[in-house]
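Residue strings, one per chain:
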Amino acid sequence: MKRVYLEITDACNLNCPFCTYPKGDSFMDLSDIEDHIRQIREFCNYIYLHILGEPLLHPDFEKILDLLDDLMMSLQLVTNGVLLKEHPDLLKHDCLRKLSVSMHSVNHMTVSDDYFKTIDRLVENDLGKNIELRFYAREQLDAHLQGYLKHLEETYGFKETSKEGSYSLKNHVYVYFSELFQWPEIEAPFVSEQGSCHGAIDMIAINVHHDVTLCCLDPKAYNSIGNLKEKELSKILSSENYLNYLNEFKQHRFSSELCKRCSYRTRFNS
């Protein structure tokens, strides 16, 4: 398994219209987070701290990073960036391998100069951490973001990389452009029963209520394969339920009604 998503909170400090799930108010207890991370460590070294929600809202966020440091885990952190200024030493954590800032969220909040100054400091860092500034639906960006993009391009230049939509500003710092995606919904139109997906094979996700599911686009655990408050991860991943899903995904077919209606996975089809 290449990565595991652990949702430490489903709360968020923004109300972006492209996030169709209602934000919650749940925070996973630190003791449960530690337990889950130690179990994850047996199967995978790479962890994300979100499904929905803004991970920097968690009151024990720094303690979680310290734990990941101690366990020599690798973290990809995705954030809207609003609270980054409250964590000036974030890049000094050994666990952090990549920090992705969802800049498109700026369209839906009152922007202060401090926000962009914080992003500038990230771009200027020389600690060798991978930084990615994500911009979705470029044509819909407001004047603030268009102006900031112009500032980045004039200051650093955009150099194409091998990843479509990704441009290098400097070593380890990138700008990434992509289209917004639709979260899969059980009421969404049918897409297909066949195709490619990284779920189950390369990843699993654990939501804030401890439900283990096949991918990071199933926050309500429609495709639940177990709950970590009831069963250890090793038993969940050896269960007939999970192994059936795994076999299906390897054969590029889907029996789950949610998967049949997921348009995001079509980007993985050859």
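Everything below is about the structure printed above this text.
Just so it is clear, the model here is predicted, and its values are computed rather than measured.

(A) View of the nonpolar core. Within the largest apolar cluster, 65 residues are counted, with the highest numbers of intra-cluster contacts made by I37, L68, L99, M103 and I119. Not counting chain neighbours up to four residues away, the residues in contact with L99 comprise L77, T79, L84, L90, L91, L122, N130, I131 and E132. By size, the runner-up hydrophobic cluster in this structure holds twelve residues, among which are Y21, Y48, I51 and L217.

(B) Summary view of the sheet that holds strand 8 (residues 173-178). The mixed open sheet is built from eleven strands, whose spatial order is 6-7-8-5-4-3-2-1-9-10-11. On the outer flanks of this sheet lie strand 6 (159-160) and strand 11 (226-227), each paired with one strand and no other. As paired strands, strand 6 and strand 7 (residues 166-170) are joined by two bridges and run antiparallel to one another. Bridge pairing in strand 7 places E160 opposite Y167.

(C) Inspection of the pattern of salt bridges at higher detail. Throughout the structure, instances matching the rule amount to ten salt bridges. K63 is the partner of D60 in a salt bridge, and the nearest nitrogen-oxygen pair spans 3.9 Å. One salt bridge in this structure joins E257 and R261, with 2.7 Å as the shortest N-O distance. Taken together, the shared-partner salt bridges in this structure form one network comprising K98, E132, R134 and K163.

(D) Layout of helix 2 (residues 61-70). Taken together, the buried positions of helix 2 are F61, I64, L65, L67, L68 and D69. Those residues of helix 2 that are buried are in contact with helix 1 (30-41), strand 2 (46-48) and strand 3 (74-79). At the C-terminal side of helix 2, M72 shows a positive phi close to 55 degrees.

(E) Seen up close, the state of the cysteines. On inspection of all chains with the given rule, the structure shows zero disulfides. Between C19, a cysteine without a disulfide, and C12, which holds the nearest cysteine sulfur, the sulfur-to-sulfur distance is 6.9 Å. C19 sits in the partly exposed class, given a relative accessible area of 32%. Cysteine C216 shares no disulfide, and the gap to the nearest cysteine sulfur, in C215, comes to 5.4 Å.

(F) Seen up close, the packing of helix 3 (residues 113-124) against helix 4 (residues 143-156). Where helix 3 contacts helix 4, the two axes come as close as 12 Å, and the packing angle between them is 25 degrees. With respect to their mutual orientation, helix 3 and helix 4 come out roughly parallel. Crossing angle aside, the handedness with which helix 3 passes helix 4 is right-handed. Contacts between helix 3 and helix 4 involve F116, I119, D120, V123 and E124 from the first element and H144, L145, Y148, H151 and Y156 from the second.

(G) The arrangement of the packing of aromatic side chains in detail. With the rule as written, the count across this model stands at twelve aromatic pairs. A ring pair is formed by F158 and F177, whose centres lie 6.3 Å apart and whose planes are at 55 degrees; its orientation type is tilted. Linking F158 in the loop between helix 4 and strand 6 with F177 in strand 8, this pair joins segments that are 19 residues apart in sequence. A single burial state applies to F158 and to F177, both of which are buried. Joined through ring pairs, the aromatic side chains of F135, F158, Y167 and F177 make up one cluster. Cation over ring: R138 sits above F177, and NZ or CZ is 4.1 Å from the ring centre. If you follow K163 out to its NZ or CZ, it ends over the ring of Y176, 4.3 Å from the centre.

(H) Molecular detail of the pairing of strand 7. Following strand 6, the chain reverses through five residues before pairing antiparallel with strand 7; G165 in that reversal takes a positive phi of roughly 85 degrees. Alignment of strand 7 against strand 8, held across four bridges, turns out to be antiparallel. The partner of S168 across the bridge, within strand 8, is Y174. Here strand 7 folds back onto strand 8, and the loop between the two strands holds two residues, one of which, H172, carries a positive phi near 75 degrees.

Criteria and thresholds
Residues numbered from 1 in each chain as written. Predicted model: local features only at pLDDT ≥ 70, side-chain atom pairs only at ≥ 80, totals over all residues. Heavy atoms only, no water. Core = buried A, V, L, I, M, F, W, Y, C linked by side-chain atoms within 4.5 Å. Buried < 20%, exposed > 50% of the residue type's maximum accessible area, 1.4 Å probe, protein only. Contact = heavy atoms within 4.5 Å. Pairing = 2+ DSSP bridges. Helix = DSSP H or I, 4+ residues; strand = E, 2+ residues; numbered from the N terminus. Salt bridge = Lys/Arg side-chain N within 4 Å of Asp/Glu carboxyl O. Disulfide = S-S within 2.5 Å. Axes fitted to C-alpha atoms, helices over the stretch in contact; angles between N-to-C directions. Parallel < 35°, antiparallel > 145°, perpendicular 65-115°, else oblique. Left-handed = near helix turned anticlockwise from the far one by under 90°. Phe/Tyr/Trp six-rings, centres within 6.5 Å; stacked < 30°, edge-to-face > 60°. Lys NZ or Arg CZ within 6 Å of the ring centre and 35° of its normal.

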